[in-house]
Every structure is written in C-alpha cells, then in structure tokens.
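If you want the building blocks of each chain, they are given just below.
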Amino acid sequence: MNKKWWKEGIVYQIYPRSYFDSNNDGIGDIRGIIEKIPYIKSIGVDIIWLNPVYDSPNDDNGYDIRDYKNILTEFGSLEDLQELLNKLHENGIRLVMDLVVNHCSDEHEWFVKSKQNIEPYNDYFIWEKGKKVDGEMKEPTNWASFFSGSTWEYVEERDEYYLHLFSKKQPDLNWKNEAFRLEVYEMMKYWLDMGVDGFRMDVINLIHKESFEDGIIEGYSKYADGSSNYMNKPKVHEYLQEMNKEVLSKYDVMTVGETPGVTAEDGAKYSGEDRNELSMIFTFEHMDLANNNEAPFGKFLPKPVDVVKLKEILSKWQIGLHGKGWNSIYMNNHDQPRMVSRFGDDKNYRKQSAKMLATLTHTLSGTPYIYQGEEIGMTNVNFDSIDDYRDIEIINAYKDFVETGRLREDTFLHGVSINGRDNSRTPMQWDNKENASFTKGTPWIKLNPNYVDINVEEANNDENSVLNYYRKMISLRKKTNAFIYGKFELLLPDNKDIFAYTKEFEGEKYIVVLNFSKNDLEIGGLLDLDGYTKVFGNYDNDDNGKLLPYESKILKL
Ligand code: TEU
Ligand code: CA
C-alpha cells in the first residue's frame, strides 16, 4: 500500500466567512482562523481545506472569483494568508486551498474583455448564438442552471449568449482554449510556490462541455437538466493529466476533485495512482439520497435517507476503490445540511448519533473530512423566514418555485430546513455568550439559537462530549491501519437499522457495528462476535449482544 501523508491525515474544512470574526465586522476572516489554531490542533486534524478566500463580489460566497491571486479584503490580506500558512506549518498542519476554475466572476478582467471581444479573452469563455424557434430567439440550449433559470445569458455587445452552469455572475471558462489553461497552471504554481499543500477542485468534472445540442425535456419546466452534456465527459481526464504533468507532479501535494454525478468506476479513473490525475474525489451519491430527483435539482422536495441504500453506496465505493484509487470520506460540507440532522437524530439522540456517525467516517478506508462544527455536533438551523437565508441557491429557488406559485412557501421552507446549504453556513459556536463569541458585530447570517447549549466551551468541559469523542476516535484511527487502508466487507446488507462491516489489514481484523436507529436491538443472533473484544464505542455497554439507540461499537478479533 503506497503510503502518503494525505492518505493518513484527517482534513478539517473551514468555511472562513463563518469560522471566527477577529475584527467584528460580522464576517469571519483569516486572522480569526489564526487565532483558533490551538483549538484546531487540539482536535487532532492534519490538513485544513479552506473554502475560497480570493477577491470576489460574493455572488456565490466566493465561488465567483474576480482575482485568483488576491485575497478578498473582508477576509484579510495576502500577508494574513501567508501568516496562516506559516503558523499552520509550524503546528504540523497543511493547508489545501479551493481551486475554482470551471467558472470565474463576471467581474474578472478576463470576462470584461471577453464581452468586448478583445483577444485572447474573447475565447476564454463559452459564447454561442441564440436559436430561432418558431420565429422567436431562444437560448442555445434549454439547460437548467444549478441556481434556477437558464444556463445562458445574452450579451448585446456580442449578440451572443454566454454559458453559466451556476449563477449568471459565474460565466463558465473555456477549457478547450490552451492559452487559458496555461494561465490556470501558472496561477496554481503561484500558490504552490508560496507553500500551499494542494487544492480542492470545484466541480472539476464539469470543465468539458461536449455539445450544445439538447432536446427539450418535456414536463416540469421549460429548463431541464442538461448535465449529460457536460458531466464527466472524456476530455476532463485529458485536462487533468495535462494539469498533473505541467504542475501537480512537480510538488508534494494533495488534490481532491469535487465531482457531482460520478460513479465508483469514474472514481478509479480520477484517483488511480497510475492515472496521474487526482489524489481523490468527492462523490455525491450518498448526499443525493435525500433529494427527490423527480424534478431537476429537486433537493427542496426532500425524502428520508434509506439506510440500506446508504450502506450499498458506501460499500460500493469502499470495495470499488480498494487497491485501485483513494476515497474521501465525508458526510457533510458547506453545500450539504449538517450530518447529525440528515443521518442521525438531532432532537432526541444528538450526541449519541453524532458520535456514531464519527465512528463511521473514521473507520472507513480513505481520507476523512470533518466540516467545521461537526466535531461539536452542530445541527441544521430552521429559520422561519426566507429573509434569514443568504445562499443564492435558496434565494433563486424561492423566486423560481414560490414566487411563480409552483410551490407553496411553507413546503419550500420545510425543504430548505432539511436540505438547504445555509444549514451548514451558520457561524461556528464557540461559547454560550452573545453570538457564541463568533463576532461582537452583527453576523452576516444569524446563528443557530441552540449555540447556548451546543458550543466548543461546553464541549471542552464535558468528558463525554462529541468533541472529546472525536479526539479519541481520531487518535484511535491514526494508530489503526485497518481503518485507514483496510479491506472493507459489509455485513447484514439488508438490515435497515444496523450498519455493520469488517475492516482487515495485515492480519488485524475489526468489526464496526453502528445502530442507525433509536431502537434497542438484539444482535446476538445476527452477528457472530465470538473472539472479538470491544475496543471503543459511544456507550458503556459491554453486552455484545445488545445495541442501544445510535450505539457505535468497534470490536477487535
Ligand atoms: O458545488 C457544486 C455542487 O455540486 C453543489 O453546488 C450542488 O450541486 C448544489 O448545492 C446544488 O445541489 C460547488 C461549490 O461547493 C458550491 O459551494 C458552489 O456554489 C458551486 O460549486 C459553484 O461554484
Ligand atoms: Ca471579520
């Protein structure tokens, strides 16, 4: 097994806007992260994935970059970023930045010049003529944007439309243009030469748009999901191999591709060591379990997670990439709701189910990702007004669904409370003082009112807190290669409450048993645990034949 620091490390994802505000303007910042390094180190993590901090008009909270080599002033300065990098390295922690090159901001100078047809920028984006349909001018295709509406926007100066899979302020970049690609590689070297340890690559599997012919898909709305034309198309691998050859192969870096819609087979193609593309990717299959995909992007019509399907998906990835590629293991991030709310029980068994889920993510093979606040069991927020939300995806969907009368407001807000991205973007909860001491100003988004009970300070003072469970689970994982590299085998595949599996590596064998329900379960007849000794778990329950609500047990042969 080819050992690597990024295989054995644990990643902590920081959404800078919501982490800690050092200058009381209500917005988290880089200096705030610097102040929290002792806390971050105390969790036991090795790598930070920092969401974008580059100059941006913040149409999509930084995923619309205006200057790839400069820091957004409200987050701080380049010097602050370099200080963060140095201080993290002094503490043995690496820094992975966000690479957002499927699109940039419409305020980027490349796009400003492209609109004016100035060489070579005229071809850095995707411009197409409109289509005459029944005498009426229409967009080049009927694809639906991820953020509602069309993926095309008309520009008078060019009498053409530009493509934007996301918001109209996020024009898609033209990866067929080599001059543009070389600018990306030069920018990557700028950050890597500064000492950055790698990149998380935003929707990197969308960069090859194959064709703009797409039938009108009947039903639902005049815009429809055109992703079969631009998701995981063949040239993506060519571009990644070129990027690897030109840049990545020259540094000791970690890369993780954000790849919506991939299968485990794709996963081996992106992360196979012999492929010279990426270190690993993020799959979405287990995230999409909660979305009603009857209509394109039907995440606002949520459905309960089917645990049997969850087990199938995670098993497929564990087995599919074993010895062929490398998994990332995550159960939430800045685009997904809080994992204890989606997969656990954040009302009656919050701490137990948060610990149970942490046991899952830290015993599967691959690199575990902890999203800020997950380590203290932070939960979804249930704002009762659309005015409390900030996420462009939510706001645009509200206009598209509710203001058009297609969906009732209460139905929509219920869906947002379950699957909306802002669930994970409320500020980090440091203590029970005003605004959880995230800021002394007015926070850019309201806190979850439960910060009075759920915060870092109370967790540090409680031996049985979720946080202290993470600390112990992380140190156990780090000394157990069977968790990091081991062969996975699913047990009881059809059982809808119990997620049980073995992990084996170089003669060591473990069984992990997780109760995904609030029921007391007898497992004596289901699992043969003879010869196994319990080594870790979230209850003081030594009866191996019994599972308590949301109990996690790790047993060693
Ligand atoms: O996310 C892309 C993505 O797949 C998610 O936005 C998801 O599709 C969306 O939530 C709809 O369900 C990346 C970033 O992580 C996200 O924050 C950005 O908004 C997006 O790309 C555009 O850059
Ligand atoms: Ca600030």
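On a predicted model such as this, the values are computed, not experimentally measured, just so you know. (Residues numbered from 1 in each chain as written. Chains lettered and ligands numbered in written order. Predicted model: local features only at pLDDT ≥ 70, side-chain atom pairs only at ≥ 80, totals over all residues. Heavy atoms only, no water.)

## Some remarks on the overall build of the protein
Logical step 1: In terms of helices and strands, the protein carries 17 helices and 22 strands.
Logical step 2: Radius of gyration (C-alpha) of the protein: 23 Å, near the 24 Å computed for a compact globule of 557 residues.
Logical step 3: Dimensions of the protein, computed from C-alpha atoms along their principal axes, come out at roughly 75 × 50 × 50 Å.
Logical step 4: Split into buried and exposed, the 557 residues of the protein put 64% on the buried side.
Logical step 5: Residue pairs at least 24 apart in sequence account for 70% of intrachain contacts in the protein once pairs closer than 6 positions are excluded.
Logical step 6: Accessible area of the protein: about 21000 Å², with a carbon and sulfur share of 47%.
Logical step 7: Across the protein, the mean location of the 67 positive side-chain charges is 3 Å away from that of the 94 negative side-chain charges. (Helix = DSSP H or I, 4+ residues; strand = E, 2+ residues; numbered from the N terminus. Rg over C-alpha atoms; globule rule 2.2 N^0.38 Å. Buried < 20%, exposed > 50% of the residue type's maximum accessible area, 1.4 Å probe, protein only. Contact = heavy atoms within 4.5 Å. Areas by Shrake-Rupley, 256 points an atom, 1.4 Å probe, with all protein chains shown as cover. Lys, Arg positive; Asp, Glu negative; His and termini not counted. Charge placed at Lys NZ, Arg CZ, Asp CG, Glu CD.)

## A word on the pairing of strand 2 (residues 47-50)
Logical step 1: Alternating residues of strand 2 divide into I47 and W49 and I48 and L50, and every residue in both groups is buried.
Logical step 2: The pairing of strand 1 (residues 11-14) with strand 2 spans four bridges and is classified as parallel. The residue bridging Y12 from the neighbouring strand is I48, located in strand 2.
Logical step 3: Both strand 2 and strand 5 (residues 94-99) contribute to a ladder of four bridges, which runs parallel. When the bridges of strand 5 are listed, L50 appears paired with M97. (Pairing = 2+ DSSP bridges.)

## Points about the packing of helix 12 (residues 350-361) against helix 16 (residues 466-478)
Logical step 1: Packing of helix 12 against helix 16 brings their axes to within 10 Å, and their N-to-C directions diverge by 15 degrees. Put simply, helix 12 runs roughly parallel to helix 16. In terms of crossing hand, the pair formed by helix 12 and helix 16 is right-handed. Where helix 12 abuts helix 16, its residues K351, A354, K355, A358, T359 and T361 lie against V466, Y469, Y470, M473 and R477.
Logical step 2: Residue composition of the contact of helix 12 with helix 16, grouped by class: six nonpolar, two polar and three charged. (Axes fitted to C-alpha atoms, helices over the stretch in contact; angles between N-to-C directions. Parallel < 35°, antiparallel > 145°, perpendicular 65-115°, else oblique. Left-handed = near helix turned anticlockwise from the far one by under 90°. Nonpolar A, V, L, I, M, F, W, Y, C, P; charged D, E, K, R; others polar.)

## Comments concerning the pattern of salt bridges
Logical step 1: According to the stated counting rule, one finds 47 salt bridges in the structure shown.
Logical step 2: Close ionic contact of E8 with K3 constitutes a salt bridge, the shortest N to O distance being 3.9 Å.
Logical step 3: Judged by its relative accessible area of 31%, E8 falls in the partly exposed class.
Logical step 4: K3 gets classed as partly exposed once you look at its relative accessible area, which sits at 47%.
Logical step 5: Of the charged contacts in the structure, one is a salt bridge between K309 and D306, with a shortest N-O distance of 3.7 Å.
Logical step 6: D306 sits in the partly exposed class, given a relative accessible area of 33%. (Salt bridge = Lys/Arg side-chain N within 4 Å of Asp/Glu carboxyl O.)

## With respect to the site of ligand 1
Logical step 1: Near ligand 1 lie 19 residues; those nearest to it are D60, D202, D335, E393 and R421.
Logical step 2: The side chain of E258 places a nitrogen or oxygen atom 3.0 Å from an oxygen atom of ligand 1.
Logical step 3: Within the side chain of R421, one N or O atom sits 2.8 Å away from an oxygen atom of ligand 1.
Logical step 4: Here the residues of the shell around ligand 1 are counted per class, giving seven nonpolar, three polar and nine charged. (Near = heavy atom within 4 Å. Polar contact = N/O pair within 3.5 Å; in protein donor to acceptor, adjacent residues only side chain to side chain.)

## Structural notes on the sheet that holds strand 6 (residues 127-128)
Logical step 1: Pairing in this open sheet of three strands is antiparallel, and the strands run 6-10-9 from one edge to the other. Single-partner strands in this sheet number two, and they are strand 6 and strand 9 (152-155).
Logical step 2: Here strand 9 pairs with strand 10 (residues 160-163) via four bridges, running antiparallel. Across the sheet, residue V155 finds its bridge partner in strand 10, namely E160.

## Quick notes on the coordination of the calcium ion (ligand 2)
Logical step 1: Surrounding the calcium ion (ligand 2) are the protein donor atoms D21 (OD), N23 (OD1), D25 (OD), I27 (O) and D29 (OD), at 2.2 to 2.4 Å.
Logical step 2: Donor residues for the calcium ion (ligand 2) sit on one chain with the sequence pattern D-x1-N-x1-D-x1-I-x1-D. Accessibility assignment for this pair places I27 and D29 in one class, buried. (Donors = N, O, S within 2.8 Å, 3.2 Å for Na, K, Ca; no water.)

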